[in-house]
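Examining the three-dimensional arrangement
Residue strings, one per chain:
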Protein chains: 2
Amino acid sequence: MPNPTAAMLVIGDEILSGRTRDSNMHHLAGALTIHGIDLCEVRVVSDRPAAIQSAVRALSDGYDHVFTSGGIGPTHDDITAENVAKAFGVAISVRDDARAILQAHYDRKGIEMNEARLRMARIPDGARLIENPVSAAPGFILENVHVMAGVPAIFEAMVAGVLPELAGGAPVQSRNMTVARGEGDIAAPLSELVQQYPDLSVGSYPAMKAGEFFVNIVVRGQDGVRVDAAMDTLRGLLKE
Amino acid sequence: MPNPTAAMLVIGDEILSGRTRDSNMHHLAGALTIHGIDLCEVRVVSDRPAAIQSAVRALSDGYDHVFTSGGIGPTHDDITAENVAKAFGVAISVRDDARAILQAHYDRKGIEMNEARLRMARIPDGARLIENPVSAAPGFILENVHVMAGVPAIFEAMVAGVLPELAGGAPVQSRNMTVARGEGDIAAPLSELVQQYPDLSVGSYPAMKAGEFFVNIVVRGQDGVRVDAAMDTLRGLLKE
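Note that the coordinates shown come from a computational prediction; the quantities given were computed from them, not determined experimentally. (Residues numbered from 1 in each chain as written. Chains lettered and ligands numbered in written order. Predicted model: local features only at pLDDT ≥ 70, side-chain atom pairs only at ≥ 80, totals over all residues. Heavy atoms only, no water.)

1. Description of the sheet that holds strand E9 (residues 173-179) of chain B
In sheet architecture, strand pairing relies on hydrogen bonds along the backbone and comes in two forms, parallel and antiparallel. Residue and element names in this part refer to chain B. Pairing in this open sheet of three strands is antiparallel, and the strands run E9-E11-E10 from one edge to the other. The open sheet is flanked by E9 and strand E10 (201-209), the only strands paired with a single partner. Averaged over neighbouring strand pairs, the angle between their axes works out to 20 degrees when direction is ignored. Bridge count for E9 against strand E11 (residues 212-221) is seven bridges, and the pairing is antiparallel. The partner of Thr178 across the bridge, within E11, is Asn216. (Pairing = 2+ DSSP bridges. Helix = DSSP H or I, 4+ residues; strand = E, 2+ residues; numbered from the N terminus. Axes fitted to C-alpha atoms, helices over the stretch in contact; angles between N-to-C directions.)

2. Describing the domain arrangement of chain A
Looking at the assigned domains, one finds that chain A contains domain 1 (5-165) and domain 2 (173-239). Here the C-alpha centroids of domain 1 of chain A and domain 2 of chain A sit 37 Å apart. (Domains from an automatic or database assignment.)

3. Quick notes on the side chain of His105(A)
Residues and elements named next belong to chain A. Locating His105 in the fold gives a position in helix H5 (residues 96-109). His105 gets classed as buried once you look at its relative accessible area, which sits at 10%. The residues touching His105, leaving out its near neighbours within four places in the chain, are Val134, Ser135 and Ala136. (Buried < 20%, exposed > 50% of the residue type's maximum accessible area, 1.4 Å probe, protein only. Contact = heavy atoms within 4.5 Å.)

4. Considerations on the interface of chain A and chain B
It is common to give the size of an interface as the accessible area that goes away when the parts come together. The partner chain B presents 55 residues to the 55 residues of chain A that form the contact. Summed over both sides, the interface between chain A and chain B buries roughly 4500 Å², with carbon and sulfur atoms accounting for 59% of that surface. Joining chain A to chain B, the criterion identifies two salt bridges. Close ionic contact of Arg117(B) with Asp185(A) constitutes a salt bridge, the shortest N to O distance being 3.1 Å. Here chain A and chain B share 14 residue pairs in polar contact (both at pLDDT 80 or more) between them. When residues of the side of chain A that touches chain B are traced back to their parent elements, those giving at least two are helix H1 (13-16), helix H2 (24-35), strand E2 (38-45), helix H6 (115-119), helix H7 (152-162), helix H8 (183-196), strand E10 (201-209) and strand E11 (212-221) of chain A. Sheet topology places E2(A) next to strand E2 (residues 38-45) of chain B; five bridges connect them, and they run antiparallel. Residue Glu41(A) lies in a different strand from E2(B), and its bridge partner there is Val45(B). (Buried area = accessible area lost by both parts, 1.4 Å probe. Salt bridge = Lys/Arg side-chain N within 4 Å of Asp/Glu carboxyl O. Polar contact = N/O pair within 3.5 Å; in protein donor to acceptor, adjacent residues only side chain to side chain.)

5. A look at the packing of helix H2 (residues 24-35) of chain B against helix H7 (residues 152-162) of chain B
Residue and element names in this part refer to chain B. It is at 10 Å that the axes of H2 and H7 come closest, and there the two elements cross at 20 degrees. By the angle between their directions, the pair H2 and H7 is classed as roughly parallel. Note that H2 runs across H7; the crossing there is right-handed. For the pair formed by H2 and H7, the contact residues are Asn24, His27, Leu28 and Ala31 on the first element and Pro152, Phe155, Glu156 and Val159 on the second. (Parallel < 35°, antiparallel > 145°, perpendicular 65-115°, else oblique. Left-handed = near helix turned anticlockwise from the far one by under 90°.)

6. Quick word on helix H4 (residues 80-87) of chain B
Residue and element names in this part refer to chain B. Extensive coverage of H4 is indicated by the burial of six of its eight residues. Buried within H4 we find Thr80, Ala81, Asn83, Val84, Ala85 and Ala87. Looking one or two residues past H4, Gly89 carries a phi angle of roughly 65 degrees, positive in sign.

7. Structural notes on the sheet that holds strand E7 (residues 139-142) of chain B
Strand order in the open sheet formed by twelve strands is E6(A)-E7(A)-E8(A)-E3(A)-E1(A)-E2(A)-E2(B)-E1(B)-E3(B)-E8(B)-E7(B)-E6(B), with mixed pairing between adjacent strands. A single partner strand is all that each edge strand has here, and the edge strands are strand E6 (128-130) of chain A together with strand E6 (128-130) of chain B. The sheet shows a mean angle of 20 degrees between the axes of neighbouring strands, direction not considered. Where E7(B) lies against strand E8 (residues 145-148) of chain B, three bridges are found, and the strand directions are antiparallel. Each residue of the ladder has a partner; that of Leu142(B), found in E8(B), is Val145(B). Packed on one face of the sheet, helix H4 (residues 80-87) of chain A meets strand E1 (5-11), strand E3 (65-69), strand E7 (139-142) and strand E8 (145-148) of chain A and runs near 5 degrees to E7(A). Against the sheet, H2(B) contacts E2 of chain A together with strand E1 (5-11), E2 and strand E3 (65-69) of chain B, and its axis sits at roughly 165 degrees relative to E1(B).

8. Considerations on the nonpolar core
Among the nonpolar cores identified, the biggest contains 116 residues, and Phe67(A) and Phe67(B) are the most heavily contacted of them. The contacts of Phe67(B), once residues within four sequence positions are left out, are Ala6(B), Ala7(B), Met8(B), Leu9(B), Leu28(B), Leu32(B), His146(B), Met148(B), Val162(B), Leu163(B) and Leu166(B). (Core = buried A, V, L, I, M, F, W, Y, C linked by side-chain atoms within 4.5 Å.)

Written out as C-alpha cells, the structure reads:
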C-alpha cells in the first residue's frame, strides 16, 4: 500500500525576501520520512490573503495531509488563521478553550492578556487545537490542514505532537554510496539498476568539493532486503 | 511602478525526503531582492513529470519570471528539461551549440563524450542557453522560465549570469530593529505604524534565544527617506 501523502505550506514574506532562512521545511521533511508519510510538495507564499487561501485549497485537495508554518502570532501580519478559515468557508472567532489556555499561561508568567494576544485564541469553527508546549498559543487542525507556528522551536514541538496521531506507512529504507566520479560516468550503470529494480527509487545527487565532482547515489524503498540487494547489484555494475 | 514578480521552482526528491537541505531558495531570494525583483512564491516538487509540468505552467502564467533549480544533469532522474519543453508544448533535441560547448569542455578535460553526457545538450526548441562557467552543461531560458542546475555553486553562477539581463525595479530599502519583548506587547504600536505608513511593508518576526522571546521588526519600502521616517515613528510609539 502506498504511503499517505503530504504537502507543506510555508507562509511568510521574510522567507521570500531572503531575510530569514527557512528551517522548518527540512525538519518536517525528515520527520515525515521517518513516520512513513511522503512529502510530495512544498509551497512558500507571502502574507497575502489570496495567496494563502488558494494554496491551502490546492494542497488540501491534492494531498492526504497539509502542514502550514508561520503567521499565527498576535501582530498585524499574522493572517494565517483567518485565511485558512476562509479557504474552507468557515467562521473564525475567539474560542473559550483557546482563551483559557492563553489566560493560564499569561497568569503564570504575570503577563497581561491584551487585544493582540487574544487574537491568538481565534480558532476556525470545527477545528481541533494543537498544543504549544513552548508559548501556549495553540495551532489547530481544520479538515486535513495542520496550522502551526513559524518559530522553529514551536513548529518542531507541534510536529512532534501531531505526527503520532497520523497513520504512517512503512518507513522508507534508504542506503547510499558516494562515488568520486562525475554523473556522466555512472549514468549508464544507474539506468541499468533502475531497470532491474523498478520498485525502488534510485537518486543520483551530484555535489562539488574542492572543485571536483562526486555523486551521492541513494536507493530507497520500503523493503530493506530488496534495497540491500540493489546496492550489491550497483557495486557490481560500477566495477564493470 | 511595482517591481517585476518572480517565482522559483525547486525540483528534486532529495529535498522533499529531507536528505538534502536546499540552499538555492535562500540564495535566489537574496539576489532578487537586491536586483529589485519580488520573489512571490516558491514551489518544491518531486521528480515526477506531471508535477513538474503543472508547476511550470502555473508559475509561468502567474509571474513575470520563473527560475527552476535541479534535474538537468545526465542521469535517469534528471527530467526537468524535457518536462519544461512539454509544459510549453515544444520539442526537445540535442542542439549543436550546446553539444559544441560540452564537447570543448570534455576535450579540455580529457573526458569522453558519452550518451549520458549528450543528454545535457538536449535543449527545447526556441530556448536560449544559460552559460555554466563551472561544468559547461548549459541551462536555458524558454519563454519566461530560467532552467538552472541544482548544485549550489552552478546555480549561483547561473543566477549571476542571468540577473543582469532582467530589468529590475527599485531595490527595496530595509531597516530593522530588535526588541526584547514579546510580540503581544508590541502588536498595538505596530498596527498604529502600519496605519500611518500604508505604503511601506512592516514585518514582525518573533524568535527565541535562551528561552526568551524577542522580535525583529523590519520596515521595507522603495523610498529610503520614508523608511527612516517610519523607524523614527516606531521608536516613539514603542516608548509610549
